[in-house]
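# Observations on the three-dimensional arrangement
Listed below, chain by chain, are the residues.
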2 protein chains.
Amino acid sequence: MATSLFNEGLTVHTQSHDYPIVITDQCDMAEQVAPYISGQQVLIVTNETVAPLYLQQLQEQLAKSYTVAVCSLPDGEQYKNQASINQIYDALMAQHFNRDVTLIALGGGVVGDMAGFAAASFMRGVNFIQIPTTLLSQVDSSVGGKTGINHSQGKNMIGAFWQPQMVLADMSTLQTLPARELSAGLAEVIKYALIMDIEFLEWLEVNLPAMLALDLAILGEAVKRCCEYKADLVAQDEREAGVRALLNFGHTFGHVIETHEGYGNWLHGEAVAAGMVQAAELSQKMGWLSLDDVARIKRVLTLANLPVNPPAIATDVALNLMGHDKKVKSGQIRLILLKSLGQAVLTDDFDTQLLTEVLSQQAG
Amino acid sequence: MATSLFNEGLTVHTQSHDYPIVITDQCDMAEQVAPYISGQQVLIVTNETVAPLYLQQLQEQLAKSYTVAVCSLPDGEQYKNQASINQIYDALMAQHFNRDVTLIALGGGVVGDMAGFAAASFMRGVNFIQIPTTLLSQVDSSVGGKTGINHSQGKNMIGAFWQPQMVLADMSTLQTLPARELSAGLAEVIKYALIMDIEFLEWLEVNLPAMLALDLAILGEAVKRCCEYKADLVAQDEREAGVRALLNFGHTFGHVIETHEGYGNWLHGEAVAAGMVQAAELSQKMGWLSLDDVARIKRVLTLANLPVNPPAIATDVALNLMGHDKKVKSGQIRLILLKSLGQAVLTDDFDTQLLTEVLSQQAG
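Residues numbered from 1 in each chain as written. Chains lettered and ligands numbered in written order. Predicted model: local features only at pLDDT ≥ 70, side-chain atom pairs only at ≥ 80, totals over all residues. Heavy atoms only, no water.

A few words on the overall build of chain A. Looking only at helices and strands, chain A features 13 helices and eleven strands. Along the first, second and third principal axes, the C-alpha set of chain A runs to 60 × 45 × 35 Å. Taking all 364 residues of chain A together, 63% fall into the buried category. Counting contacts in chain A only where the partners sit at least 6 residues apart, residues at least 24 apart contribute 76% of the total. Surface exposure of chain A reaches about 12600 Å², of which carbon and sulfur atoms provide 47%. (Helix = DSSP H or I, 4+ residues; strand = E, 2+ residues; numbered from the N terminus. Buried < 20%, exposed > 50% of the residue type's maximum accessible area, 1.4 Å probe, protein only. Contact = heavy atoms within 4.5 Å. Areas by Shrake-Rupley, 256 points an atom, 1.4 Å probe, with all protein chains shown as cover.)

Moving on: the domain arrangement of chain A. All names here are of chain A. Entries for chain A in the domain assignment read domain 1 (8-176) and domain 2 (179-360). Each of domain 1 and domain 2 has a C-alpha centre, and the two are 25 Å apart. Across the contact, 34 residues belong to domain 1 and 33 residues belong to domain 2. Across the interface of domain 1 and domain 2, roughly 3100 Å² is buried in total on both sides, 66% from carbon and sulfur atoms. In terms of surface lost to domain 2, no three residues of domain 1 exceed Leu 135, Val 139 and Lys 155, which account for 20% of the buried area on that side. Seen at the junction of domain 1 and domain 2, the total is three salt bridges. The salt bridge involving Lys 191 is made with Asp 140; its shortest N-O contact spans 4.0 Å. There are four residue pairs in polar contact (both at pLDDT 80 or more) connecting domain 1 and domain 2. Class assignment for the residues of the side of domain 1 that touches domain 2 results in eleven nonpolar, 17 polar and six charged. (Domains from an automatic or database assignment. Buried area = accessible area lost by both parts, 1.4 Å probe. Salt bridge = Lys/Arg side-chain N within 4 Å of Asp/Glu carboxyl O. Polar contact = N/O pair within 3.5 Å; in protein donor to acceptor, adjacent residues only side chain to side chain. Nonpolar A, V, L, I, M, F, W, Y, C, P; charged D, E, K, R; others polar.)

Inspection of every chain in the model, using the stated rule, returns six aromatic pairs over all chains. The interplanar angle of 15° and the centroid separation of 6.1 Å between the aromatic rings of Tyr 192 of chain A and Tyr 229 of chain A together place this pair among those described as stacked. Of this pair, Tyr 192 of chain A sits in helix H6 (residues 179-196) while Tyr 229 of chain A sits in helix H8 (residues 216-236), placing them 37 residues apart in sequence. With a centroid separation of 5.5 Å and 50° between ring planes, the pair formed by Phe 200 of chain B and Tyr 229 of chain B is classed as tilted. Here Phe 200 of chain B is found in helix H7 (residues 198-212), whereas its partner Tyr 229 of chain B is found in helix H8 (residues 216-236), with 29 residues between them in sequence. In this structure Tyr 229 of chain B comes out as buried when scored by relative accessible area, which is 12%. (Phe/Tyr/Trp six-rings, centres within 6.5 Å; stacked < 30°, edge-to-face > 60°.)

This part is about the environment of Arg 180 of chain A. All names here are of chain A. Secondary-structure assignment places Arg 180 in helix H6. You can call Arg 180 partly exposed: its relative accessible area is 44%. Arg 180 has contacts with Asn 265, Trp 266, Leu 267 and Glu 270, leaving out every residue within four places of it along the chain. One polar contact links the side chain of Arg 180 to the main-chain carbonyl oxygen of Asn 265, over a distance of 3.1 Å.

What follows covers the sheet that holds strand S3 (residues 41-47) of chain A. Backbone-to-backbone hydrogen bonds join strands into a sheet, with any given pair of strands oriented parallel or antiparallel. All names here are of chain A. Here seven strands make up an open sheet; going across it, the order is S1-S2-S9-S6-S5-S3-S4 and the pairing mixed. Looking at strand neighbours, the two that pair on one side only are strand S1 (10-13) and strand S4 (67-73), the edges of this open sheet. Strand-to-strand, the axes of this sheet are offset by a mean angle of 20°, without reference to chain direction. For strand S5 (residues 102-107) and strand S6 (residues 127-132), the ladder comprises six bridges, and the chain directions are parallel. Bridging across to S6, Thr 102 finds its partner in Asn 127. Packed on one face of the sheet, helix H4 (residues 109-121) meets S3, S4, S5 and S6 and runs near 170° to S5. (Pairing = 2+ DSSP bridges. Axes fitted to C-alpha atoms, helices over the stretch in contact; angles between N-to-C directions.)

Counting residues in hydrophobic clusters, the biggest one holds 79 residues, and the most contacted among them are Val 189, Met 211 and Leu 301 of chain A. Examining the composition of this core, we find that eleven residues originate from one element, H8 of chain A, more than from any other. Counting contributing residues, this core receives three or more from each of domain 1 (8-176) and domain 2 (179-360) of chain A. Excluding residues that lie within four positions of it along the chain, Leu 301 of chain A makes contacts with Ile 190, Ala 273, Met 276, Val 277, Leu 306 and Val 308 of chain A. Counting 78 residues, the second-largest nonpolar core is a separate cluster that includes Ile 21, Ala 222, Leu 233 and Leu 354 of chain B. (Core = buried A, V, L, I, M, F, W, Y, C linked by side-chain atoms within 4.5 Å.)

What follows concerns the confidence of the model for chain A. Low pLDDT means the predicted coordinates in that region are not meant to be read closely. Here chain A averages 92 in pLDDT, and 93% of its residues register 70 or above. Both scores are available for the predicted complex, with the pTM at 0.87 and the ipTM at 0.85. (pLDDT = per-residue confidence, 0-100.)

Attention now goes to the sheet that holds strand S4 (residues 67-73) of chain B. All names here are of chain B. With mixed pairing, the seven strands of this open sheet are ordered in space as S1-S2-S9-S6-S5-S3-S4. Edge strands, defined here as strands with exactly one partner in the open sheet, are strand S1 (10-13) and S4. On average, each strand axis in the sheet is tilted by 20° relative to the strand beside it, whichever way the strands run. Packed onto the sheet, helix H3 (residues 82-94) meets strand S3 (41-47), S4 and strand S5 (102-107) and runs at close to 160° relative to S4.

Turning to the pairing of strand S8 (residues 154-161) of chain B, a few remarks are in order. Residue and element names in this part refer to chain B. Along S8, eight of the eight residues are buried, which leaves the element largely enclosed by surrounding structure. Bridge count between strand S7 (residues 146-151) and S8: five bridges; the pairing is antiparallel. Counted as the bridge partner of Gly 148 is Gly 159 from S8.

Let's shift gears to the pairing of strand S9 (residues 166-170) of chain B. Residue and element names in this part refer to chain B. Among the five residues of S9, five are classified as buried, and the element is accordingly described as predominantly covered. In S9, alternate side chains face the same way, and those of Met 166, Leu 168 and Asp 170 on one face and Val 167 and Ala 169 on the other are all buried. Looking at chain direction, strand S6 (residues 127-132) and S9 are connected through two bridges and run parallel. Within S9, the position partnered with Gln 130 by the bridge is Val 167.

The next thing to look at is the pattern of salt bridges. This structure, assessed with the given rule, holds 26 salt bridges over all chains. Two residues, Lys 230 of chain A and Asp 140 of chain A, come together in a salt bridge whose shortest N-O distance is 3.7 Å. Highlighted residues: Lys 230 of chain A in helix H8 and Asp 140 of chain A in helix H5 (residues 135-140), separated in sequence by 90 residues. Among the residues examined, Lys 230 of chain A registers a relative accessible area of 6% and is labelled buried. Across the pair Arg 225 of chain B and Glu 199 of chain B runs a salt bridge whose closest N-O atoms are separated by 2.7 Å. Residue Arg 225 of chain B is found in helix H8, and its partner Glu 199 of chain B is found in helix H7; the two are separated by 26 residues along the sequence. You can call Arg 225 of chain B buried: its relative accessible area is 18%. By relative accessible area, which is 39% here, Glu 199 of chain B ends up partly exposed.

Glancing now at the environment of Leu 73 of chain B. Residue and element names in this part refer to chain B. Position of Leu 73 relative to the elements: it lies in strand S4. Sequence separation between Leu 73 and Asp 90 is 17 residues; the distance between their C-alpha atoms is 12 Å. When sequence neighbours within four positions are dropped, the list of residues in contact with Leu 73 reads Val 45, Thr 46, Asn 47, Glu 48, Ser 84, Gln 87, Ile 88 and Met 114.

Here you go:
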């Protein structure tokens, strides 16, 4: 294993501050995060799945130097809500923690989003550190500062932009990740290739089998590349006024699937995979992609064990759910489509009839 | 009435953007705010007390140009909570409003704090405009960008810094304000004099009777001066790392009163008034103020029809409630005290025994 790939990481530049992403392997987590804890108070936010694996060592090591409390949440996107955020607030209040507290998110994207929003909103903002333990959160949540929770009527409707003090991606945590979740993370990895870099798509077509076989060096390289792609876009557009929206490729369609099926039944990455196929099909109907391009997208997603067909959803229901999307601008649905493989565009200049055709292919 | 005092206002400079505070009288509210509405969607957040007075005209005028919805909340500090925030989110979702929406807070500080936090957190941040209709909110909430809600265990524990696009202070709205609320607002006005400007204290000792008699020109001048004081402090320290904390003079003691008595039974300004007396008493015990200074503070507060004695609270309960305060730093209670009349200081360098003495004067 090429260990030289590890402990490199990258630095993310944001309007509020710069922070490092450390990509490493089987590290002492406490030792890595300690330099980024500013006060004496630490709240570790985790969930009941991740806690038995990684919590004890982190907690014990940190307890030597800090007052450490733990808030363990139920696992799953369906718990990314106000009740869970309240558990975090209650834990902070019970400990009499204050503005000096550092929250540590130990878990996947759901834990990170909630701990991040709690950090953004507790006492109008405290520090937090991300320790993402899923591939999805390593590539997707490490950069960009998006935090938040779901509303019953829509995903990620409530939240804030709030940047962490550091991100620690220990690739060895992927060894305990269920295969289905690893694949869900690969959906976001493939997304970067499709929107930004056809060369990376070729790299993935070669390396996906090694990634599925948990080659941590290859996975670490993919995480680093994705973080770099995202950091580039975010640096240009921290509050998502422009190019950053390209990161949502497949997500408008995907959110419809997640909302309709109920959070947690389709994993986010699975919904994004099927959503990317729909976005590609619309791009093809627009004349931008060839049928071969669409087939190639389906092939690489299938190689990653991801779904390429959405569940049955009535077309009018899907259109209505799309109307709730954050990318809607003055009532006009805007979509990220592909001009070609490796080149995405945000547009409201598409034929609604063609969108309806794509959606009706999945209508029940 | 010196109308020349009106329509002057001031510009507030913040890290994110500059915005105007327009101080005026009997204006067409819709005409004033329209230039600061960026999209086509408006949600007016108000409460059941203010709505019958000012909502209809504002709503009808805006409806000529925008899609306008209303969220009317129950009135009172005890409703400044997550249930009320959820009413705002639900109203936004029901209308399919998106990132282009502008929230307008029409009401006092509670409405402003909640509409502001909803604006800060809906889709990770949308625009909002403040139309404060109480003296307290005109002098206190117009500047600084503090938004938020209460936690059952502490006031303003959940929130964000989020700046409005503009603030419209129509002094004529004070004509419908209950006398008790006008006095509560005067507590914050007096606060500025005590922490920053003894000359303003002298001005108030002369002009408080006119303010209580609703001389709108005098009230407008006081609002403008308070906004300028606050804008000065906030410009130096937007995120309250330093001098901005001086604005909390009387608030650490006052929050104890509010939390202990239940939100809404003591008005915020009333609790701050009694809290300022306690802070002054501790300052006197520290040897910084004379007994005459403390008596003068009590006199000016009494002139404004404000309480100068806190309710009975057991000393240990009060100390425990203080431990939840946001100004606690690494477990050490920090207080804003007066070095002299017109000069405040944030300090943890006080004798806890003296603090206990001050608190025990109120123990039941």
